[in-house]
Amino acid sequence: SAAATSAADTSAATSTSTAPVKLTMWWWGDQEAAGLKDYLAESVKLYEQAHPNITIDTVLQSTDNLIPAFQAAAQAKKGPDIQYFWGGIYTMEPYWAGGITPIQDLLGADEVSHYVNREEDTANGKVVTAGWYIQPSFPLLVRTDVLAQAGITAPPKTWDELIADCGTLRAKNITPIAGGIKDGWFGGWLYSILGSQSTSADDVKAAVIGDQKFSDPTHAEWWAKLKESVDAKCWNDDIGSVDLYQGQQEWSDGKAAMTITAGTDVRKFLTQVGADKVQVSPLPAFGTGPGANKLGSTSQTLGVTSFSQHQAEAADFIKFLHTPDRLAAFYKATGAFPADDRFDTSLITEPQLQTLHDLATQGAPYLENFIPSELDSKAMFTGAQAIFAGSGDPAKLAADAQSIMERLRTTQPDLVDNYKQWTGK
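Keep in mind the model is a prediction, meaning the values are calculated, not measured.

Participant: Summarise helix α18 (residues 373-389); cite the residues concerned and give the values.
Facilitator: The end-to-end C-alpha distance of α18 is 23 Å, a good match for the 24 Å that 17 residues give at a rise of 1.5 Å each. All of the buried residues along α18 are L375, D376, A379, M380, F381, G383, A384, A386, I387 and F388. Those residues of α18 hidden inside the fold are in contact with α4 (89-96), α9 (185-195), α11 (217-231) and α19 (394-411). One or two residues past the end of α18 sits G390, with phi positive at roughly 85°.

Quick look at the structure:
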């Protein structure tokens with residue numbers, strides 16, 4: 001489009017030369033923001049038309065390969081010029097390891113001031129990566145037509161109502177909530193959704209540093225609440241044998257009343273089952289913490305690698321994705337919200353997506369993004385799997401999380417210093 005071309009022309013001033021440049025971009029996200037693939041292909045085409053000396057090769061990563069592939073590339077100092085990162089700790093760990101050049105150094109403070117949720121990706125006063133899109137984390141989708149089959153007239157508003165509804169739905173042979181935890185990731189989601197009802201991001205950082213403990217009652221409460229929901233048979237019977245994104249299919253098929261999804265995927269689900277049948281809300285609350293009756297809010301990001309030979313061009317392409325035309329095209333293609341305060345929110349017309357946007361912009365910090373990734377996989381993923389399998393004891397899992405954290409402080413001596421720098425202490 002004309003708007004896109006002129007925007008690309010004006011930003012071309014930051015490029016270093018007219019010599020041929022090949023950029024490689026490793027990305028993820030079509031899995032959680034359907035339509036992203038076509039949007040990115042169109043954006044690359046427009047950018048290449050405006051910059052005939054630049055070609056951009058995009059490589060879609062799998063969920064399980066996203067982190068290890070970049071770790072290997074950063075060690076070899078060879079691979080992508082532009083890399084996709086999840087926010088918070090999933091950006092900070094590769095930055096601390098030396099794999100990222102701060103985007104603020106490349107684009108300046110004024111440009112990065114527009115990126116939404118940049119606080120979770122800021123260290124030493126510098127924004128490290130560029131928000132690409134907001135991930136409202138993670139809404140409950142309720143099918144009112146399926147609830148009605150069990151004589152339930154409105155979605156549950158409190159935790160106790162949710163537990164009671166699970167019994168009512170089960171009596172009618174309806175799965176209350178569909179999910180999948182075989183690949184582990186849902187454990188991190190549940191930690192964030194439930195844990196933020198009794199702890200804050202500052203509490204979590206304090207527990208990492210050693211000023212609090214993951215076995216303290218406020219940090220441990222979520223394990224007991226998860227077990228309560230499992231004991232009430234709130235979840236699909238096969239949750240342990242299906243992956244995160246597979247688990248939602250039962251809800252789409254009308255066999256489950258509720259599911260928890262990536263906020264970026266809500267429009268896809270509305271289209272699949274009919275918007276008139278769906279209500280969007282946070283998971284009903286049991287606590288009064290920062291995340292009670294709120295969604296978490298994080299942004300998935302793009303960064304320029306420290307080993308890229310073409311950092312100026314890589315940063316310029318990221319900047320191009322933040323031009324008004326590209327922000328609007330992103331929303332049109334995916335139904336996900338660009339992580340930029342210059343996005344024209346009047347483009348959001350579906351009521352459920354307006355609700356989702358309001359929840360995301362008034363959201364709480366997304367807790368999973370503030371714990372070390374190894375704690376996430378070795379405590380939250382495996383502990384949640386154990387509870388779903390019927391073998392997890394909440395008090396023991398909380399104690400295990402604390403002992404893993406203590407070991408991480410020993411094996412990663414820079415961790416505490418990095419966290420203090422990240423928290424601004």
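Text resumes after the structure shown.
Participant: Help me get a handle on the pairing of strand β10 (residues 256-260), residues and values and all.
Facilitator: For β10, the tally of buried residues reaches five of five residues, placing the bulk of the element in the interior. In this structure, strand β8 (residues 140-143) lies alongside β10, joined through three bridges in antiparallel fashion. Residue L140 lies in a different strand from β10, and its bridge partner there is I260. In this structure, strand β9 (residues 175-178) lies alongside β10, joined through three bridges in parallel fashion. From the neighbouring strand, I177 faces β10, where its bridge partner is M258.

Participant: Outline the packing of aromatic side chains, supporting the account with residue identities and numerical values.
Facilitator: When we look at a pair of aromatic rings, we describe it by the centre distance and by the angle of the planes. Under the defined criterion, the tally for this structure stands at 33 aromatic pairs. Ring geometry for Y84 versus Y133: centroids 6.3 Å apart, planes at 50°, classification tilted. Placement of the pair is Y84 in strand β3 (residues 82-85) and Y133 in strand β7 (residues 130-137), with a sequence separation of 49 residues. Judged by its relative accessible area of 0%, Y84 is buried. A centroid spacing of 5.5 Å and a plane angle of 75° characterise the contact between F138 and Y366, whose relative ring orientation is edge-to-face. In this pair, F138 is assigned in the loop between β7 and β8 and Y366 in the loop between β13 (364-365) and α18, connecting sequence segments 228 residues apart. Residue Y366 is classed as buried on the basis of its relative accessible area of 3%. Three or more aromatic residues link up through ring pairs in this structure, and these residues are W27, W28, Y39, Y84, W86, Y90, W132, Y133, W185, F330 and F381. In this structure, R143 packs its charged tip against the face of W251, placed 5.8 Å from the ring centre.

About the criteria used
Residues numbered from 1 in each chain as written. Predicted model: local features only at pLDDT ≥ 70, side-chain atom pairs only at ≥ 80, totals over all residues. Heavy atoms only, no water. Helix = DSSP H or I, 4+ residues; strand = E, 2+ residues; numbered from the N terminus. Expected span 1.5 Å × (residues − 1). Buried < 20%, exposed > 50% of the residue type's maximum accessible area, 1.4 Å probe, protein only. Contact = heavy atoms within 4.5 Å. Pairing = 2+ DSSP bridges. Phe/Tyr/Trp six-rings, centres within 6.5 Å; stacked < 30°, edge-to-face > 60°. Lys NZ or Arg CZ within 6 Å of the ring centre and 35° of its normal.

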